[in-house]
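Chains, contacts and geometry: an overview
Chain by chain, the residues run as shown.
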Amino acid sequence: MDQGKTDFIRETIKKDLKEGRYEKIHTRFPPEPNGYLHIGHAKAICLNFELADEFKGICNLRFDDTNPTKEEPEYVEAIKRDIAWLGFDWGLNEYYASDYFPKLYDFAVKLIKGGKAYVCDLDPAQIREYRGTLTSPGKESPYRERTVEENLRLFEDMRSGKFPDGSRVLRAKIDMASPNLNMRDPVMYRIMHQRHHRTKDKWCIYPTYDWAHGQSDSIEGISHSICTLEFEDHRPLYEWFLDQLKIHHPRQLEFARLNLTHTVMSKRMLKILVDEKYVNGWDDPRMPTLSGMRRRGYPPDAIRNFCSAIGLAKSESTIEIEYLEHFVREDLNRKAPRVMGVLNPLKVIIDNYPEEKDEELEAINNPEDLSAGTRKIPFSRVIYIEKEDFMEDPPKKFYRLAPGREVRLRYAYFIRCIGVKKDGNGNISELHCTYDPSTKGGDAPDGRKVRATLHWVSAKHSVGAELRLYDKLFTTEDLSKNDFKKSFNQKSLKINDLCRLEPSTREAEPGQIYQFERVGYFHVDPDTTTKGLVFNKTAGLKDQWAKIKRKNK
RNA sequence: UGGGGAGUAGUCUAGUGGCAGGACAUGCGGCUCUGGACCGUAGGGCGGAGGUUCGAAUCCUCCCUCCCCAGCCA
């Protein structure tokens, strides 16, 4: 829906509509199936699909599959899964640049016939040399003035496989002295005897991006072809092809790609992390890929809200990863059912609670959504609390449990610490407490207050699980100036298998997400089996105490 | 030193000649059976220098800084 956004792209579209340059808005999201989609792609996906929605147009999904050496069907499937997961539906509008290969070939013949393209026999090194430099013009290829007939014949021979890879290319005949390097007779076709994942062995020449992209846009009747800033230089070429061919002319618009702190956003680098086993696959929950975020537990709505909040501009920017996390928490706070789980258990024996007694206490499933109802949690004489919720010698602002101090066990009772037991090494091994039966449910009839409320689990009823705790992928904020492998955060994954969870989590199924009260959000990983629960920590809760501790250091 | 872009708080972003607004982050306070959530509040900004104008983030001039381009990648 139009939320009154006023970015430059929407302004341009409104103007184009008003002036009649286009009657219908038609956008496209054009991924190359050479890797998995990441959060940067999400920005483009949201933009293109939402634009189509706002202006009652259409958004195509088009695979830009023009380089068979890098592309695989696995990626096509992953890309479709991720876009659908984000909540966008391309319906029947699924296209492939490779479907246009015959048309593109005909277009090329048309350019050759018009004297606007030629077959060049220079090898790659020579082409580079002839291109000139940023400050000096290039030289014209000695093959530039071949006759139309010869070009036609050679181009046909290229297609029919008469030449080896790299021996010849088809080039546009534009201007070797152009200050824009893209206009210095760019390559349109290269010879690659390579099997394509869709066209199989039908072709041994493949179009380059510059040649394929604009013409594909045109064939699909795209009105606004939105891409990232680095293609700004290509726009004159994009337009040149369309003008020479005299075909439907979309408007290319460029916006700044998304950058995030503490992560990388290039498929090339992400692929290295996967291939060299820095992470466990494209969907590793530490990855900025959509599949990684899904596995981490990030809700698609959070990602969409984030994309909408970061805005759209032409200035290069880097968003703090914390901003993304904010939208994850915001969404999960409203939706995630609460549960209690102790990550680092400390045994507490409630001395005055009857040895064999068990009881069930009622707990609210989600204080932000009372319609989520309540559940029962078992209580008994021996419970676990979080190790860090007790201090023998508490500093000023620590108001959790301490010797002699009274705190509340959430939804249960007030307890007071009356004894601390230590092991041979002086580590606290268990606590002895008393409880006040009159505080059942968590309120004192005499109105007395406690400073802290702790989460807990009944020892004998609790269940174990494997928790996978994540931290930033990289220790450095800005990876553009650093060797990303050196900055890899070796502590980005920690496994906790000591935790004890309340028994209701036993029924957890992959894909479910909980808030472990006072700790964070946890998403049930697909690795969960009947033998054991596996959770990914999606995000921590904001932690005031951690902040105080940090400041005091 | 060619060409193409961009500079508004710590980070994003709004602004289109008329009081520089919002979000996140930060500080402080309130509330609370999650030190969560929520509510309130504070600090902090137009890259620089000139000019035009009653009035400039906005228009003009010059300067500075940053990003992209010399793949038969996209």
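Reading guide: rules and limits
- Residues numbered from 1 in each chain as written.
- Chains lettered and ligands numbered in written order.
- Predicted model: local features only at pLDDT ≥ 70, side-chain atom pairs only at ≥ 80, totals over all residues.
- Heavy atoms only, no water.
- Near = heavy atom within 4 Å.
- Polar contact = N/O pair within 3.5 Å; in protein donor to acceptor, adjacent residues only side chain to side chain.
- Helix = DSSP H or I, 4+ residues; strand = E, 2+ residues; numbered from the N terminus.
- Nonpolar A, V, L, I, M, F, W, Y, C, P; charged D, E, K, R; others polar.
- Pairing = 2+ DSSP bridges.
- Axes fitted to C-alpha atoms, helices over the stretch in contact; angles between N-to-C directions.
- Salt bridge = Lys/Arg side-chain N within 4 Å of Asp/Glu carboxyl O.
- Buried < 20%, exposed > 50% of the residue type's maximum accessible area, 1.4 Å probe, protein only.
- Parallel < 35°, antiparallel > 145°, perpendicular 65-115°, else oblique.
- Contact = heavy atoms within 4.5 Å.
- Phe/Tyr/Trp six-rings, centres within 6.5 Å; stacked < 30°, edge-to-face > 60°.
- Lys NZ or Arg CZ within 6 Å of the ring centre and 35° of its normal.
- Domains from an automatic or database assignment.
- Buried area = accessible area lost by both parts, 1.4 Å probe.
- Disulfide = S-S within 2.5 Å.

1. Here we look at the protein's contact with RNA strand B
Lining the immediate surroundings of RNA strand B are 67 residues, of which Leu181, Arg338, Arg400, Arg408 and Gly441 lie closest. A breakdown of the atoms of RNA strand B within 4 Å of the protein gives sugar and phosphate a share of 65%. A distance of 3.2 Å is found between a phosphate oxygen of RNA strand B and a side-chain nitrogen or oxygen belonging to Thr6. Elements that contribute at least two residues to the surface near RNA strand B include exactly helix H5 (124-131), strand S6 (187-191), strand S11 (317-319), helix H12 (321-335) and helix H13 (544-552). With five residues, H13 is the largest single contributor of residues to the surface near RNA strand B. Its residues placed into classes, the surface near RNA strand B shows 23 nonpolar, 19 polar and 25 charged.

2. Focus on the sheet that holds strand S7 (residues 205-207)
The sheet built from four strands is open, its strands ordered S4-S5-S6-S7 with antiparallel pairing. Two strands lie at the open edges of the sheet, namely strand S4 (117-120) and S7, each paired on one side alone. Across the sheet, the mean angle separating the axes of adjacent strands is 20° when strand polarity is ignored.

3. Some words on the pattern of salt bridges
On inspection of all chains with the given rule, the structure shows 53 salt bridges. For Asp283, the salt bridge is made with Arg295, and the minimal N-O distance between the two is 3.3 Å. Residue Asp283 is found in the loop between helix H9 (267-275) and helix H10 (290-296), and its partner Arg295 is found in helix H10; the two are separated by twelve residues along the sequence. Under the relative-accessibility criterion, Asp283 is labelled partly exposed at 28%. For Arg295, a relative accessible area of 17% translates into the label buried. Across the pair Arg334 and Asp331 runs a salt bridge whose closest N-O atoms are separated by 3.8 Å. Taken together, the residues Arg334 and Asp331, both in helix H12 and three residues apart, mark about one turn of the helix. Among the residues examined, Asp331 registers a relative accessible area of 2% and is labelled buried. Here the salt bridges share partners, and the residues they tie into one network are Asp283, Arg295, Glu466, Arg468, Asp525 and Asp527.

4. Points about the packing of helix H2 (residues 39-54) against helix H11 (residues 300-309)
Angle between the axes and distance between the axes are the two parameters that describe a pair of packed helices. Orientation of H2 relative to H11, taken along the N-to-C sense of each, is 80°, at an axis distance of 9 Å. Overall, the two elements H2 and H11 adopt an arrangement that is roughly perpendicular. The segment H2 lies against H11, with Ile39, Ala42, Lys43, Cys46 and Glu50 engaging Ile303, Arg304, Phe306 and Cys307. Residue composition of the contact of H2 with H11, grouped by class: six nonpolar, no polar and three charged.

5. Digging into unusual backbone geometry
Although it is not a glycine, Lys246 adopts a positive phi angle of roughly 55°. Backbone geometry places His262, a non-glycine residue, at a positive phi of 60°. Judged by its relative accessible area of 13%, His262 falls in the buried class.

6. A look at the packing of aromatic side chains
Within this structure, the stated rule accounts for 28 aromatic pairs. Relative to Phe241, the ring of Trp240 lies with its centre 5.6 Å away and its plane at 70°, an arrangement referred to as edge-to-face. Since its relative accessible area comes to 13%, Trp240 is described here as buried. Look at Phe241 and you get buried, because its relative accessible area is 1%. A connected cluster of aromatic rings, assembled from ring pairs, spans Phe101, Tyr105, Phe155, Tyr189, Trp203 and Tyr206. Sitting over the ring of Tyr130, Lys139 keeps its end group 4.5 Å from the ring centre. In this arrangement the basic side chain of Arg159 is found over the ring face of Tyr105, its NZ or CZ atom lying 4.1 Å from the centre.

7. Points about the domain arrangement of chain A
Looking at the assigned domains, one finds that chain A contains domain 1 (8-255), domain 2 (267-337 + 465-552) and domain 3 (341-455). Once you take the C-alpha centre of each, domain 2 and domain 3 turn out to be 29 Å apart. With 22 residues of domain 2 at the contact, the number on the domain 3 side is 25 residues. When the two sides are added together, the surface that domain 2 and domain 3 hide from each other amounts to roughly 1,800 Å², 53% of it contributed by carbon and sulfur. Contact with domain 3 buries surface across domain 2, with Glu517, Arg518 and Trp545 losing the most and accounting together for 37% of the total. Along the contact surface separating domain 2 from domain 3 lie three salt bridges.

8. As for the sheet that holds strand S3 (residues 94-96)
By definition, the strands of a sheet pair up through backbone hydrogen bonds, in either a parallel or an antiparallel sense. Reading across from one edge, S1-S2-S3 is the order of the three strands in this open sheet, with parallel pairing throughout. Unpaired on one side and paired on the other, strand S1 (26-29) and S3 mark the two borders of the sheet. Sheet twist, expressed as the average angle between the axes of neighbouring strands with direction ignored, equals 35°. Sheet topology places S1 next to strand S2 (residues 58-63); four bridges connect them, and they run parallel. Bridge pairing links Phe29 to Leu61 in S2. Relative to the sheet, helix H3 (residues 73-86) contacts S1, S2 and S3, its axis offset from that of S2 by approximately 155°.

9. Observations regarding the state of the cysteines
For the coordinates displayed, the defined rule picks out zero disulfides. With no disulfide of its own, Cys204 lies closest to Cys120 among cysteine sulfurs, the gap being 18 Å. Assessed through its relative accessible area of 7%, Cys204 is described here as buried. Cys46 supplies the cysteine sulfur nearest to Cys307, a cysteine that is in no disulfide, at a spacing of 4.2 Å. Take Cys307: its relative accessible area is 9%, and that puts it in the buried class.

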